[in-house]
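# Fold and contact review
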Amino acid sequence: MKELARFYSPRVIPSELKPREIDANTEVLITVGASQALNLAATVFLDAGDEALLIEPAFDMYTGVVQLAGATPKYIALKPVNGKLELDMDELSNALSERTKLMFLNSPHNPSGKVFSKEELKKIADILDEKAPSCIVVSDEVYEHIVYDTVHTPFASVSVSAFERTLSVYSAGKTFSATGLKTGWVIGNADLLRDMQLAQQFVVFCSNHLSQIALAEALKFAEQPFKGYNSYFEWLRGEYQKKRDFLVKAIRAAGMEPIVPDGAFYILARVPEGHEMRQKEGVPAQILEYVSTKGLQVDPATYDRSDYNISRNLVLERGVASIPNSAFISVDNVGKVEISNGYIRFAFCHPDEVLSSAAERIKQ
Ligand code: PMP
């Protein structure tokens, strides 16, 4: 926890509060992956009937943890503008009210790879100050180190009030490519974090200490020169950037339109009308056969979704797995928001040989 306090003090403390340091005992909490941090925040801060704001497409856990807490998720959608996704600040302002207890913010963003700029984050902070002064922000920054030609700004760092309302969530799973380690952490000011620390005692008591020691060592190591780069973090960015550029090119060559990500390791791609993978209507016959003979389940609500059927066709005919983007969109908004129709998500956290093989297979 001392290592995390040292590492995050210069990152998340807003300039107005510097040189204040993060307190290792009261402002850091280690969790069982970022997943458990998200769950704990929702159970601790949400009561039945409360409202939580989510920006979609949204990492699917957010809806789940809000509903498990008995609260109601409310959604606003990112919109495609000139090949990028944007948040409409008027829509955000209209969606927030005194009833909004919690807001989930995710930058770099899964599934789109959007990285919110400092200016965007400052606007969000101002809107929160005005419309929902007591709203707590869960800022999911698990992809903090995976950004391309841009910088990651922690939401907590943009103003004093943003710092006071924010729980910043991180994960060794993403930073050290160690998903199975299930080690995450939350940085937040003591007033907010205390309730989570107290609750944690009755959930898992604490996370395993071997992972905590490994994390402290890895953080120190990651700041040292690594494989010709100034640090492990730079190397990580460099490796992923090469994979991103490769897959963006392959997606274009396959006749799909990628939203080029500025961060994380996902690419959303629009599969245009008339594309070979989109022409076939409905659930492929082979899947229907599996359903009837092998007990595979297909959610009937997805039978007619274009993105689900594109993903089904891709996996059956080309052996390439993708995720339909409407899986990240609330049921009521599917078909209504632009990004729920004909977009699929590819992940490029794979060895180069796998990406090369995928590129060959998706070629038209
Ligand atoms: N947040 C986001 C946005 C994620 O994509 C993930 C993992 N897919 C998590 C949180 C969960 O992280 P962890 O593996 O540390 O539980």
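Located above this text is the structure these notes cover.
Residues numbered from 1 in each chain as written. Predicted model: local features only at pLDDT ≥ 70, side-chain atom pairs only at ≥ 80, totals over all residues. Heavy atoms only, no water.

## What about the overall build of the protein?
Rule in force here: Segments assigned H or I by DSSP are reported as helices when at least four residues long, segments assigned E as strands when at least two residues long, and all are numbered from the N terminus. Here the globule rule reads 2.2 Å times residues to the power 0.38, and the radius of gyration is calculated from C-alpha atoms. Think of it in three bands: residues with accessible area under 20% of the maximum for their type are buried, residues over 50% are exposed, and the middle band is partly exposed, with areas taken using a 1.4 Å probe on protein chains only. The contact definition used throughout considers only heavy atoms, calling two residues in contact when any of these lie within 4.5 Å. Per-residue and other accessible areas follow the Shrake-Rupley method at a 1.4 Å probe size, with only the shown protein chains counted as cover for residues. For the purpose of counting charges, residues Lys and Arg are taken to be positive, whereas Asp and Glu are taken to be negative. His and the chain ends are not included. Charged side chains are reduced to one point each, which is NZ for Lys, CZ for Arg, CG for Asp and CD for Glu.
Secondary structure assignment for the protein yields 14 helices and 13 strands. Compactness check: the protein gives a C-alpha radius of gyration of 21 Å against a globular reference of 21 Å for 364 residues, within 12% of the reference. Within the protein, the fraction of its 364 residues that count as buried is 54%. Within the protein, contacts between residues separated by at least 24 positions form 68% of all contacts whose residues are at least 6 apart in sequence. Carbon and sulfur atoms provide 53% of the accessible area of the protein, an area that totals close to 16200 Å². Each charge class in the protein can be summarised by its mean position, and for the 38 positive and 47 negative side chains these summaries are 4 Å apart.

## Regarding the pairing of strand β9 (residues 184–187)
Defined as follows: Here, any two strands with at least 2 DSSP bridges between them count as paired.
In β9, alternate side chains face the same way, and those of Gly184 and Val186 on one face and Trp185 and Ile187 on the other are all buried. Where strand β1 (residues 28–31) meets β9, four bridges bridge the pair, whose relative direction is antiparallel. Each bridged residue has a counterpart across the sheet, and for Thr31 the counterpart in β9 is Gly184. Here strand β8 (residues 166–171) pairs with β9 via four bridges, running antiparallel. Of the residues in β9, the one forming a bridge with Ser168 is Ile187.

## Some words on the site of the ligand
Stated precisely, the cut-off is as follows: The nearness test applies per residue and asks whether one of its heavy atoms lies within 4 Å of the molecule or strand. In protein, a polar contact means a hydrogen-donor-capable atom and an acceptor-capable atom, both N or O and within 3.5 Å, with residues adjacent in sequence counting only if both atoms are side-chain atoms; elsewhere, any N or O pair within 3.5 Å suffices.
Every one of the 13 residues lining the ligand counts as a neighbour, but Ser35, Asp140, Tyr143, Ser171 and Lys182 are closest to it. For the ligand, an oxygen atom lies 2.8 Å from a polar atom in the backbone of Ala34. The contact in question runs from an oxygen atom of the ligand to an N or O atom on the side chain of Lys182, over 2.7 Å. Here the ligand loses 93% of its free accessible area of 400 Å² to cover by the protein chains.

## What to know about the sheet that holds strand β3 (residues 72–77)
Going by this rule: Lines fitted to C-alpha atoms define the axes, with helix axes restricted to the stretch in contact, and inter-axis angles between N-to-C directions lie between 0 and 180 degrees.
Across the sheet, seven strands lie side by side as β1-β9-β8-β7-β6-β2-β3; this open sheet has mixed pairing. Here the strands that pair on one side only, and so sit at the sheet edges, are β1 and β3. Between one strand axis and the next, the sheet turns through 20° on average, direction left out of account. For strand β7 (residues 136–140) and β8, the ladder comprises four bridges, and the chain directions are parallel. For Asp140, the partnering residue across the bridge sits in β8 and is Val169. Packed on one face of the sheet, helix α1 (residues 2–12) meets β1, β8 and β9 and runs near 50° to β9. Helix-sheet contacts for helix α8 (residues 190–200) involve β1, β7, β8 and β9, and the interaxial angle to β1 is about 35°.

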